[in-house]
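What follows is the residue order along each chain.
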Amino acid sequence: MGGEAYNSSGLPPFILTGLPGLETSQHWLFLLLGVLYTISIAGNALILFIIKEEQSLHQPMYYFLSLLSGNDLGVCFSTLLTVLAVFCFHLREISFNSCMSQMFFIHLFSFMESGILLAMSFDRYVAICNPLRYSTVLTDARVVWMGVCVFLRSFCMVFPLPFLLKRLPFCKPNVLSHAYCLHPDLIRLPCGDITINNIFGLFIVISTFGLDSALILLSYVLILHSVLAIASREERLKTLNTCVSHLCAVLIFYVPMVGVSMAARYGRHAPGYVHTLLSLVYLFVPPMLNPVIYSIKTKEIRRRLCKILLGTKF
């Protein structure tokens, strides 16, 4: 595979990687990942169920939360099969088209998560800075429109990536660094000119993660300015407390992403398993912790969750 060139007429398979250098411990990691998948899938499914069933949660803030939970389920299912195949059954080979499909969905859900977090920050901005207009600004129709825009933007950004990769010849060993297919990993493998791929990759990162994070920061600057104008200290804390869950969701999404980027740029001499573990944190931590955070911080969700788990009436 190392010296043979492939192009669109002979698409190469790819070899997925578990934890380089820690092959003997991979069964323990499989157990850990199994627990993380179970918590993530069950937690987000419960959030969706509770929002559907609890009439008091039929509000824009919780509609956005249901979008976030649905998206987190998408993240889980987009990596589930290959992670289980690599760590449980030691099946490391994946076809070119399957790899492109997985890459498409992983990045689609990743970009959508960023867009949903931006929409949620707009929700908090309107609720705090323009509370009297909240119900007229964030109508059900507008929430649906915002969700559709988030999806369409993400889809348009990710859709060209498989085709830009498919046009290139592959003549290097097609061994990936992870147990799933990511664009930054795949782009290292072609032996053709990848200038267009690099430029387009930089463009979509700046126009999604870069723009979204800047607008989220701006929304919180405006929120903080509005909160500081409140005379009562208790009211200030009460108002800020409504933003805690969203702030935590933003941090657990963007901080691991920055960590993965920094490791890729400055940690080239670090052991291979460090990069793999960081990418696992990036993909697993937000879907696992988001339901936990919102369950703890939202009284209605917490009460309904206790009713489901304990079978008690509240």
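Residues numbered from 1 in each chain as written. Predicted model: local features only at pLDDT ≥ 70, side-chain atom pairs only at ≥ 80, totals over all residues. Heavy atoms only, no water.

Under the annotation held in an unreviewed UniProt entry, the chain carries the name Olfactory receptor and is attributed to Mesocricetus auratus. Recorded in UniProt under Sequence similarities (unreviewed entry), the annotation for the chain is "Belongs to the G-protein coupled receptor 1 family." (UniProt positions renumbered as here; feature names shortened; annotations may be inferred.)

Here we look at the overall build of the chain
From N to C terminus, the chain includes 12 helices and two strands. Taken from the N to the C terminus, the helices and strands of the chain come in the order β-α-α-β-α-α-α-α-α-α-α-α-α-α. By the compact-globule yardstick of 20 Å for 314 residues, the chain fits well, its C-alpha radius of gyration being 21 Å. Projected onto its principal axes, the C-alpha positions of the chain cover 70 × 45 × 35 Å. (Helix = DSSP H or I, 4+ residues; strand = E, 2+ residues; numbered from the N terminus. Rg over C-alpha atoms; globule rule 2.2 N^0.38 Å.)

Description of the environment of Leu289
The topology assignment puts Leu289 in helix H11 (residues 272–297). For Leu289, a relative accessible area of 28% puts it in the partly exposed group. When the C-alpha atoms of Leu289 and Ile39 are compared, they prove to be 9.0 Å apart, with 250 residues separating the residues in sequence. (Buried < 20%, exposed > 50% of the residue type's maximum accessible area, 1.4 Å probe, protein only.)

Some words on the state of the cysteines
Here a disulfide denotes a covalent bond joining the sulfur atom of one cysteine to the sulfur atom of another. Throughout the structure, instances matching the rule amount to one disulfide. Between the sulfur of Cys99 and that of Cys181 lies a disulfide, 2.0 Å long from S to S. Between Cys99 and Cys181, the disulfide has an S-S torsion of -120° and is therefore left-handed. With Cys99 in helix H3 (residues 96–129) and Cys181 in the loop between helix H6 (160–166) and helix H7 (183–186), this residue pair connects regions lying 82 residues apart in the sequence. The exposure class of Cys181 is buried, given its relative accessible area of 0%. Cys156 forms no disulfide, and the closest cysteine sulfur to it belongs to Cys149, at a distance of 11 Å. Free of any disulfide, Cys248 has its nearest cysteine sulfur in Cys243, 11 Å distant. The exposure class of Cys248 is partly exposed, given its relative accessible area of 28%. (Disulfide = S-S within 2.5 Å.)

Brief notes about the pattern of salt bridges
When the charged atoms of two side chains lie near each other, side chains of opposite charge can form a pair. Applying the stated criterion across every chain yields a total of six salt bridges. For the salt bridge of Glu54 with Arg303, the shortest nitrogen-to-oxygen distance reads 4.0 Å. Separated by 249 residues along the polypeptide, Glu54 in the loop between helix H1 (26–53) and helix H2 (60–87) and Arg303 in helix H12 (residues 299–310) bring together distant segments of the chain. Assessed through its relative accessible area of 14%, Glu54 is described here as buried. (Salt bridge = Lys/Arg side-chain N within 4 Å of Asp/Glu carboxyl O.)

Overview of the nonpolar core
What tends to happen in soluble globular proteins is that the nonpolar side chains get buried as a cluster. Ranked by size, the top nonpolar core spans 80 residues in total, and within it Phe14, Leu117 and Leu186 carry the most contacts. A per-element tally of this core places H3 first, with 16 residues. Setting aside anything within four residues of it in sequence, one finds Leu117 in contact with Leu68, Ile216, His246, Ala249, Val250, Phe253 and Tyr254. (Core = buried A, V, L, I, M, F, W, Y, C linked by side-chain atoms within 4.5 Å. Contact = heavy atoms within 4.5 Å.)

Observations concerning the environment of Phe87
With respect to the element layout, Phe87 can be found in helix H2. With 57 residues separating them along the chain, Phe87 and Phe30 place their C-alpha atoms 5.4 Å apart.

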